[in-house]
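As a plain string of letters, each chain reads:
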Amino acid sequence: MEIIKTPQEMQHWARNNRPASRRGFVPTMGALHQGHETLIQHSRQNNDQTVLSIFVNPTQFNVASDYEKYPRNDTRDLAIAEHHGVDVVYMPSADEMYPENFRSFVEPGIASDPMEGAGRPGHFRGVTTVVTKLFHAVSPDIAYFGKKDYQQLAVIRQMVTELNFPITIEGVETVRDEDGLALSSRNARLSPSARADAPIIFQALSDVRELFDAGTRQCDVLLEAFKKSLSRSSLISLEYATISDARSLVEITQIDDDAVLCVAAWYDDVRLIDNIELHPH
(Lines give C-alpha, C1' and ligand atoms only; values in the text may rest on other atoms or scores of the structure.)
Protein backbone atom coordinates (compact mmCIF):
# COMPACT_ATOMS: atom_id res chain seq x y z
CA MET A 1 0.00 0.00 0.00
CA GLU A 2 1.35 3.38 -1.03
CA ILE A 3 0.86 6.60 0.95
CA ILE A 4 0.83 9.86 -1.00
CA LYS A 5 0.79 13.30 0.61
CA THR A 6 0.75 15.99 -2.07
CA PRO A 7 -1.63 16.76 -4.95
CA GLN A 8 1.26 16.74 -7.42
CA GLU A 9 2.43 13.27 -6.36
CA MET A 10 -1.14 11.97 -6.42
CA GLN A 11 -1.71 13.30 -9.93
CA HIS A 12 1.57 11.80 -11.10
CA TRP A 13 0.62 8.38 -9.68
CA ALA A 14 -2.88 8.60 -11.16
CA ARG A 15 -1.54 9.39 -14.64
CA ASN A 16 1.13 6.70 -14.62
CA ASN A 17 -0.80 3.83 -13.03
CA ARG A 18 -4.00 3.56 -15.05
CA PRO A 19 -5.87 0.33 -14.22
CA ALA A 20 -6.97 -2.20 -16.81
CA SER A 21 -10.60 -1.28 -16.24
CA ARG A 22 -11.69 1.03 -13.41
CA ARG A 23 -10.28 3.00 -10.48
CA GLY A 24 -12.48 3.27 -7.40
CA PHE A 25 -12.21 6.11 -4.89
CA VAL A 26 -13.40 6.42 -1.30
CA PRO A 27 -13.05 9.97 0.08
CA THR A 28 -13.09 10.19 3.90
CA MET A 29 -12.13 12.46 6.76
CA GLY A 30 -10.57 9.55 8.61
CA ALA A 31 -11.76 8.16 11.96
CA LEU A 32 -12.69 5.11 9.90
CA HIS A 33 -15.50 2.85 11.10
CA GLN A 34 -17.47 -0.06 9.66
CA GLY A 35 -19.39 2.26 7.35
CA HIS A 36 -16.15 3.39 5.71
CA GLU A 37 -14.97 -0.22 5.55
CA THR A 38 -18.13 -1.11 3.63
CA LEU A 39 -17.36 1.64 1.09
CA ILE A 40 -13.83 0.28 0.69
CA GLN A 41 -15.17 -3.25 0.21
CA HIS A 42 -17.56 -2.06 -2.51
CA SER A 43 -14.67 -0.41 -4.31
CA ARG A 44 -12.37 -3.41 -3.96
CA GLN A 45 -15.02 -5.78 -5.28
CA ASN A 46 -15.85 -3.70 -8.34
CA ASN A 47 -12.58 -2.07 -9.45
CA ASP A 48 -8.99 -2.93 -10.32
CA GLN A 49 -7.67 -0.17 -8.07
CA THR A 50 -8.92 1.48 -4.91
CA VAL A 51 -7.74 4.85 -3.63
CA LEU A 52 -8.76 6.05 -0.17
CA SER A 53 -8.32 9.66 0.89
CA ILE A 54 -7.99 10.82 4.50
CA PHE A 55 -8.34 14.56 4.88
CA VAL A 56 -10.16 16.55 7.55
CA ASN A 57 -11.43 19.42 5.43
CA PRO A 58 -11.36 22.77 7.29
CA THR A 59 -13.55 24.62 4.77
CA GLN A 60 -16.66 22.57 5.57
CA PHE A 61 -16.63 23.34 9.30
CA ASN A 62 -18.68 26.31 10.47
CA VAL A 63 -17.05 26.36 13.90
CA ALA A 64 -13.26 26.28 14.18
CA SER A 65 -13.37 24.34 17.46
CA ASP A 66 -15.33 21.52 15.75
CA TYR A 67 -12.53 21.19 13.22
CA GLU A 68 -9.92 21.06 15.97
CA LYS A 69 -11.90 18.46 17.94
CA TYR A 70 -12.58 16.19 14.98
CA PRO A 71 -11.20 12.71 15.82
CA ARG A 72 -7.93 11.80 14.11
CA ASN A 73 -6.14 8.46 14.29
CA ASP A 74 -3.93 8.03 11.22
CA THR A 75 -2.18 4.91 12.51
CA ARG A 76 -5.45 3.05 13.01
CA ASP A 77 -6.90 4.34 9.74
CA LEU A 78 -3.87 3.20 7.75
CA ALA A 79 -4.03 -0.24 9.37
CA ILE A 80 -7.69 -0.56 8.33
CA ALA A 81 -6.88 0.55 4.79
CA GLU A 82 -4.06 -1.95 4.47
CA HIS A 83 -6.20 -4.74 5.92
CA HIS A 84 -8.81 -4.15 3.21
CA GLY A 85 -6.28 -4.07 0.36
CA VAL A 86 -6.38 -0.38 -0.51
CA ASP A 87 -3.80 0.42 -3.20
CA VAL A 88 -3.15 4.07 -2.32
CA VAL A 89 -3.99 6.27 0.65
CA TYR A 90 -3.99 9.96 -0.26
CA MET A 91 -3.29 12.08 2.84
CA PRO A 92 -2.68 15.72 1.88
CA SER A 93 -2.15 18.42 4.50
CA ALA A 94 -4.39 21.46 4.88
CA ASP A 95 -1.53 23.65 3.70
CA GLU A 96 -1.17 21.58 0.52
CA MET A 97 -4.89 21.71 -0.19
CA TYR A 98 -5.39 25.35 0.73
CA PRO A 99 -2.18 27.33 0.20
CA GLU A 100 -1.88 30.92 1.35
CA ASN A 101 -4.40 33.32 -0.25
CA PHE A 102 -6.54 30.44 -1.53
CA ARG A 103 -9.96 31.74 -2.65
CA SER A 104 -11.16 29.56 -5.55
CA PHE A 105 -14.31 27.71 -4.54
CA VAL A 106 -16.91 25.50 -6.25
CA GLU A 107 -20.47 26.65 -5.59
CA PRO A 108 -22.92 23.79 -4.96
CA GLY A 109 -26.29 23.38 -6.70
CA ILE A 110 -29.82 23.69 -5.34
CA ALA A 111 -29.60 20.39 -3.44
CA SER A 112 -27.39 22.26 -0.96
CA ASP A 113 -30.00 24.87 -0.06
CA PRO A 114 -32.26 23.20 2.55
CA MET A 115 -31.57 21.26 5.75
CA GLU A 116 -27.81 21.11 6.39
CA GLY A 117 -27.22 23.95 3.95
CA ALA A 118 -29.70 26.22 5.71
CA GLY A 119 -28.25 25.53 9.14
CA ARG A 120 -24.57 25.47 8.17
CA PRO A 121 -23.86 28.31 5.71
CA GLY A 122 -20.87 27.58 3.49
CA HIS A 123 -20.67 23.94 4.53
CA PHE A 124 -21.48 22.48 1.12
CA ARG A 125 -19.29 24.98 -0.68
CA GLY A 126 -16.44 23.49 1.34
CA VAL A 127 -17.60 19.96 0.44
CA THR A 128 -17.90 20.58 -3.31
CA THR A 129 -14.56 22.40 -3.38
CA VAL A 130 -12.62 19.69 -1.58
CA VAL A 131 -14.27 16.85 -3.52
CA THR A 132 -13.44 18.61 -6.79
CA LYS A 133 -9.80 18.91 -5.71
CA LEU A 134 -9.73 15.25 -4.66
CA PHE A 135 -11.29 14.15 -7.96
CA HIS A 136 -8.69 16.15 -9.93
CA ALA A 137 -5.87 14.52 -7.98
CA VAL A 138 -7.13 10.93 -7.98
CA SER A 139 -8.88 10.77 -11.40
CA PRO A 140 -11.31 8.04 -10.36
CA ASP A 141 -13.81 6.28 -12.60
CA ILE A 142 -16.22 5.71 -9.75
CA ALA A 143 -16.47 7.27 -6.27
CA TYR A 144 -18.30 5.84 -3.27
CA PHE A 145 -20.31 7.82 -0.72
CA GLY A 146 -22.49 6.57 2.11
CA LYS A 147 -26.22 7.24 1.99
CA LYS A 148 -26.25 8.25 5.66
CA ASP A 149 -25.06 11.70 4.55
CA TYR A 150 -27.83 11.77 1.97
CA GLN A 151 -27.73 15.49 1.26
CA GLN A 152 -23.98 15.37 0.70
CA LEU A 153 -24.51 12.51 -1.76
CA ALA A 154 -27.19 14.50 -3.59
CA VAL A 155 -24.98 17.61 -3.72
CA ILE A 156 -22.04 15.64 -5.14
CA ARG A 157 -24.24 13.91 -7.71
CA GLN A 158 -25.62 17.26 -8.81
CA MET A 159 -22.14 18.79 -9.05
CA VAL A 160 -20.82 15.88 -11.13
CA THR A 161 -23.78 16.12 -13.50
CA GLU A 162 -23.79 19.90 -13.87
CA LEU A 163 -20.01 20.24 -14.25
CA ASN A 164 -19.65 17.18 -16.54
CA PHE A 165 -17.25 15.16 -14.41
CA PRO A 166 -16.58 11.79 -16.12
CA ILE A 167 -17.13 10.02 -12.79
CA THR A 168 -19.89 7.69 -11.58
CA ILE A 169 -21.13 8.44 -8.06
CA GLU A 170 -22.22 5.32 -6.18
CA GLY A 171 -24.37 5.67 -3.07
CA VAL A 172 -23.88 2.83 -0.58
CA GLU A 173 -26.57 1.84 1.91
CA THR A 174 -26.22 3.12 5.47
CA VAL A 175 -24.43 0.72 7.79
CA ARG A 176 -26.22 0.39 11.13
CA ASP A 177 -25.47 -1.07 14.52
CA GLU A 178 -27.52 -4.06 15.63
CA ASP A 179 -30.05 -1.74 17.30
CA GLY A 180 -30.51 0.34 14.13
CA LEU A 181 -28.39 3.39 14.95
CA ALA A 182 -26.55 4.61 11.86
CA LEU A 183 -22.80 4.26 12.31
CA SER A 184 -20.96 7.57 12.77
CA SER A 185 -17.76 8.75 14.41
CA ARG A 186 -20.01 11.03 16.49
CA ASN A 187 -21.68 8.08 18.22
CA ALA A 188 -18.64 7.67 20.47
CA ARG A 189 -19.42 11.08 21.99
CA LEU A 190 -22.91 10.04 23.13
CA SER A 191 -23.46 9.57 26.85
CA PRO A 192 -24.48 6.02 27.89
CA SER A 193 -28.10 7.10 28.33
CA ALA A 194 -28.15 8.90 24.98
CA ARG A 195 -26.54 5.94 23.21
CA ALA A 196 -29.21 3.65 24.65
CA ASP A 197 -31.94 6.04 23.50
CA ALA A 198 -30.58 6.95 20.05
CA PRO A 199 -32.00 3.93 18.16
CA ILE A 200 -35.40 5.61 18.49
CA ILE A 201 -34.44 7.66 15.40
CA PHE A 202 -34.37 4.57 13.21
CA GLN A 203 -37.44 3.16 14.95
CA ALA A 204 -39.36 6.34 14.08
CA LEU A 205 -38.10 6.20 10.49
CA SER A 206 -39.21 2.57 10.30
CA ASP A 207 -42.67 3.55 11.54
CA VAL A 208 -42.89 6.03 8.65
CA ARG A 209 -41.81 3.40 6.15
CA GLU A 210 -44.52 1.06 7.42
CA LEU A 211 -47.14 3.78 6.98
CA PHE A 212 -45.75 4.62 3.52
CA ASP A 213 -45.76 0.96 2.46
CA ALA A 214 -49.42 0.81 3.52
CA GLY A 215 -50.19 3.52 0.96
CA THR A 216 -49.85 6.89 2.70
CA ARG A 217 -48.36 9.52 0.35
CA GLN A 218 -49.20 12.80 2.14
CA CYS A 219 -45.98 14.23 3.58
CA ASP A 220 -47.66 16.03 6.48
CA VAL A 221 -49.21 12.75 7.66
CA LEU A 222 -45.89 10.91 7.41
CA LEU A 223 -43.99 13.68 9.22
CA GLU A 224 -46.57 13.82 11.98
CA ALA A 225 -46.20 10.06 12.44
CA PHE A 226 -42.43 10.44 12.64
CA LYS A 227 -42.63 13.17 15.27
CA LYS A 228 -45.17 11.18 17.29
CA SER A 229 -42.86 8.16 17.32
CA LEU A 230 -39.87 10.30 18.26
CA SER A 231 -41.81 11.91 21.12
CA ARG A 232 -41.46 8.65 23.05
CA SER A 233 -37.98 9.92 23.95
CA SER A 234 -37.49 12.66 26.53
CA LEU A 235 -33.77 12.98 25.74
CA ILE A 236 -33.77 13.81 22.05
CA SER A 237 -34.25 17.25 20.50
CA LEU A 238 -35.40 17.31 16.87
CA GLU A 239 -33.76 19.94 14.65
CA TYR A 240 -35.57 19.08 11.44
CA ALA A 241 -37.49 16.34 9.64
CA THR A 242 -38.11 17.00 5.96
CA ILE A 243 -39.49 15.00 3.04
CA SER A 244 -37.95 16.07 -0.27
CA ASP A 245 -37.53 15.03 -3.86
CA ALA A 246 -34.74 12.44 -3.86
CA ARG A 247 -32.64 14.23 -6.49
CA SER A 248 -33.15 17.98 -6.08
CA LEU A 249 -33.99 17.84 -2.33
CA VAL A 250 -36.75 20.38 -2.95
CA GLU A 251 -39.35 19.91 -0.21
CA ILE A 252 -42.58 18.27 -1.36
CA THR A 253 -46.09 17.81 0.03
CA GLN A 254 -47.10 14.64 -1.84
CA ILE A 255 -44.92 11.67 -2.78
CA ASP A 256 -45.44 10.86 -6.47
CA ASP A 257 -41.80 10.05 -7.32
CA ASP A 258 -38.69 8.96 -5.42
CA ALA A 259 -38.42 10.88 -2.16
CA VAL A 260 -36.31 10.94 0.99
CA LEU A 261 -37.09 11.73 4.62
CA CYS A 262 -34.03 13.39 6.20
CA VAL A 263 -33.64 14.00 9.91
CA ALA A 264 -31.26 15.85 12.21
CA ALA A 265 -31.52 15.58 15.99
CA TRP A 266 -29.50 16.38 19.10
CA TYR A 267 -28.47 14.62 22.26
CA ASP A 268 -26.91 17.37 24.38
CA ASP A 269 -24.08 18.66 22.12
CA VAL A 270 -24.00 15.63 19.79
CA ARG A 271 -25.82 16.05 16.47
CA LEU A 272 -27.02 12.95 14.61
CA ILE A 273 -28.44 12.67 11.09
CA ASP A 274 -30.31 9.85 9.39
CA ASN A 275 -32.75 9.24 6.56
CA ILE A 276 -34.93 6.75 4.70
CA GLU A 277 -35.64 6.64 0.99
CA LEU A 278 -39.29 6.38 -0.04
CA HIS A 279 -39.92 4.83 -3.47
CA PRO A 280 -43.59 4.89 -4.55
CA HIS A 281 -43.02 2.68 -7.59
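A brief structural summary. For clarity, every value in this text was computed on a predicted model and none was experimentally measured. (Residues numbered from 1 in each chain as written. Predicted model: local features only at pLDDT ≥ 70, side-chain atom pairs only at ≥ 80, totals over all residues. Heavy atoms only, no water.)

To continue, consider helix α7 (residues 123-138). Between its first and last C-alpha, α7 extends 23 Å over 16 residues, near the 22 Å set by a 1.5 Å rise per residue. Where burial is concerned, most of α7 is hidden: 13 out of the 16 residues are buried. (Helix = DSSP H or I, 4+ residues; strand = E, 2+ residues; numbered from the N terminus. Expected span 1.5 Å × (residues − 1). Buried < 20%, exposed > 50% of the residue type's maximum accessible area, 1.4 Å probe, protein only.)

Turning our attention to the side chain of Thr-129. Tracing the backbone through its elements, the reader meets Thr-129 in helix α7. Within the structure, the side chain of Thr-129 is placed 2.9 Å from the backbone nitrogen of Val-106, a separation counted as a polar contact. Sequence-distant contacts of Thr-129, that is, excluding residues within four places in its chain, are made with Tyr-98, Phe-102, Ser-104, Phe-105 and Val-106. (Polar contact = N/O pair within 3.5 Å; in protein donor to acceptor, adjacent residues only side chain to side chain. Contact = heavy atoms within 4.5 Å.)

Whether parallel or antiparallel, the strands of a sheet pair through hydrogen bonds between backbone atoms. Strand order in the open sheet made by the three strands is β7-β8-β9, with antiparallel pairing throughout. A single partner strand is all that each edge strand has here, and the edge strands are β7 (237-245) and β9 (270-278). When strand polarity is set aside, the average angle formed by the axes of neighbouring strands in this sheet is 15°. Sheet analysis places strand β8 (residues 259-267) next to β9, joined by nine bridges and oriented antiparallel. Among the inter-strand pairings, Leu-261 is bridged to a residue of β9, identified as Ile-276. The strands that helix α10 (residues 200-213) touches are β8 and β9; relative to β9, the one it contacts most, it runs at about 20°. (Pairing = 2+ DSSP bridges. Axes fitted to C-alpha atoms, helices over the stretch in contact; angles between N-to-C directions.)

Burial analysis of β8 places eight of its nine residues in the buried class, the great majority of the element. Sheet analysis places β7 next to β8, joined by eight bridges and oriented antiparallel. Residue pairing across strands places Ala-241 opposite Val-263, the latter belonging to β8. Between β8 and β9, which pair antiparallel in sequence order, lie two residues; one of them, Asp-268, sits at a positive phi of approximately 55°.

Per the counting criterion, the structure on display carries seven aromatic pairs. Residues Phe-25 and Phe-135 carry aromatic rings whose centres are separated by 6.2 Å and whose planes lie at 70° to one another, so their mutual orientation is edge-to-face. A residue pair is termed long-range when its members are at least 10 positions apart, and Phe-25 in strand β2 (residues 23-28) and Phe-135 in helix α7 qualify at 110 residues. Each of the two residues, Phe-25 as well as Phe-135, counts as buried. Judged by centre distance (5.9 Å) and plane angle (75°), the rings of Phe-61 and Tyr-70 are edge-to-face. For Phe-61, a relative accessible area of 18% puts it in the buried group. (Phe/Tyr/Trp six-rings, centres within 6.5 Å; stacked < 30°, edge-to-face > 60°.)

If you walk through the whole model with that rule in mind, you get 15 salt bridges. Between Glu-116 and Arg-120 there is a salt bridge, with the nearest N and O atoms lying 3.3 Å from each other. The burial state of Glu-116 is the same as that of Arg-120; both residues are buried. Its salt-bridge partner being Asp-258, residue Arg-247 comes within 4.0 Å of it at the nearest N-O pair. Here the residue Arg-247 occupies a position in the loop between β7 and β8, and Asp-258 occupies one in the loop between β7 and β8, the gap between them amounting to 11 residues. Note on Arg-247: relative accessible area 48%, which makes it partly exposed. Salt bridges here are not isolated pairs; linked through shared partners, they connect Glu-116, Arg-120, Glu-239 and Arg-271. (Salt bridge = Lys/Arg side-chain N within 4 Å of Asp/Glu carboxyl O.)

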